[in-house]
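Survey of secondary and tertiary structure
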Amino acid sequence: MAQLICQNLAIGYEGRPVLQELNFEVCAGDYLCIVGENGSGKSTLMKTILGLQHPFSGSVQMGDGLKKNEIGYLPQQTSLQKDFPASVQEIVLSGCQGRCGLRPFYHKAEKQRAADAMEKLQISHLAKRCYRMLSGGQQQRVLLARALCATKKMLLLDEPVSGLDPNVSMQLYELIQKLHKEDGVTILMISHDMEAAMTYATHILHLGRQQFFGPKTVYQQEFPQAFLGAGSKGGGVR
């Protein structure tokens, strides 16, 4: 059964549509990579799925027991966010806020959830460190742990390795793959890295002048141009 269903979706920003007639479904356990040209609506789609903005038309529906507050989200960071003066533990724990409702404090279960997420992302030793003093790779692990606190079902990741060197990127990809394979978390990831998309994804959603949704093997056959120059990180579709 599908966890996420987008039907006849038209989305955009500032009153300008960038995507129309978009249809796809994501089932539990899928790993969907969203690729396409710059400005094709990838980040806008994620914000629409999360309910952060409304579609112009069409619908985004949740199924298989998934609720919008059970989706973890790792957005692209701004320069200001990278300099946020809080501890790693505080930032990860803030991912549990959606579970607190109007309650102004965290229960023991939520603190344990944060501790478990830090352990999964191998950052427990950084718990008391100030976030802004961390490396880019460490910061992304913290934000991924924060997103994991919000869900056991689905993670939305907006270019999670942007700005990271190849070795650090590979480590983060492997951690995401572990969450997918071992914990059964459904992954939706925006990526410009076609090599990683074809390594880890089960399905591809291509946005832009041409739209495609389907298994990655079919995508590779129908969009061979996407793999020109994709031998290094960041190659291929942009």
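Look above for the structure.
Presented here is a report on the structure given in the accompanying data block. Values in this document were obtained by computation on a predicted structure and should not be read as measured data.

Extensive coverage of strand S8 (residues 203-207) is indicated by the burial of four of its five residues. Bridge count between S8 and strand S9 (residues 212-215): four bridges; the pairing is antiparallel. If you follow histidine 206 over to S9, its bridge partner there is phenylalanine 212. Counting the residues between successive antiparallel strands, the hairpin from S8 to S9 contains four residues, one of them, glycine 208, with a positive phi of roughly 135°.

For the coordinates displayed, the defined rule picks out three salt bridges. One salt bridge in this structure joins glutamate 37 and arginine 209, with 3.9 Å as the shortest N-O distance. Of this pair, glutamate 37 sits in the loop between strand S3 (31-36) and helix H1 (42-49) while arginine 209 sits in the loop between S8 and S9; the two residues are 172 residues apart in sequence, bridging distant segments of the chain. For glutamate 37, a relative accessible area of 25% gives the class partly exposed. Look at arginine 209 and you get exposed, because its relative accessible area is 76%. In this structure, lysine 153 and glutamate 70 form a salt bridge, with 3.5 Å as the shortest nitrogen-oxygen distance. Of this pair, lysine 153 sits in the loop between helix H6 (136-149) and strand S6 (154-158) while glutamate 70 sits in the loop between strand S4 (57-62) and strand S5 (71-74), and the two are 83 residues apart along the sequence. Residue classification places lysine 153 among the partly exposed residues on the basis of a relative accessible area of 28%.

One finds Val92, Ile123, Leu144, Leu155, Ile204 and Tyr219 to be the most contacted residues of the largest nonpolar core, which totals 49 residues. Looking at this core, the elements with two or more residues in it are S3, helix H3 (88-93), helix H5 (108-120), H6, S6, helix H7 (166-183), strand S7 (186-190) and helix H8 (194-200). Among the elements that line this core, the one with the most residues is H6, at seven residues. Filtering out sequence-adjacent residues up to four positions away, isoleucine 123 remains in contact with Val88, Val92, Met118, Arg141, Val142 and Ala145. In terms of nonpolar packing, the next biggest core, distinct from the first, is built from 24 residues, Cys6, Leu19, Leu45 and Leu66 among them.

Scoring rules and cut-offs
- In this numbering scheme, every chain counts its residues from 1 along its sequence in written order.
- In keeping with the model being predicted, local features are shown solely for residues with a pLDDT of at least 70 and side-chain atom pairs are shown and tallied solely at 80 or more, while totals for entire chains, interfaces and linings include all residues.
- Processing note: side-chain calculations cover all non-hydrogen atoms of the structure and skip hydrogens and water entirely.
- The buried label goes to any residue with under 20% of its type's maximum accessible area, the exposed label to any with over 50%, and the partly exposed label to all in between, with areas taken from a 1.4 Å probe on protein chains only.
- In this text, helices come from DSSP runs of H or I with a minimum length of four residues, and strands from runs of E with a minimum of two, each type numbered from the N-terminal end.
- A pair of strands counts as paired when DSSP detects no fewer than two bridges linking them.
- Whenever Lys or Arg places a side-chain nitrogen within 4 Å of a carboxyl oxygen from Asp or Glu, that contact is recorded as a salt bridge.
- The definition of a nonpolar core used throughout is a set of buried Ala, Val, Leu, Ile, Met, Phe, Trp, Tyr and Cys residues joined through side-chain atoms within 4.5 Å.
- We call two residues contacting when some pair of their heavy atoms lies within 4.5 Å.

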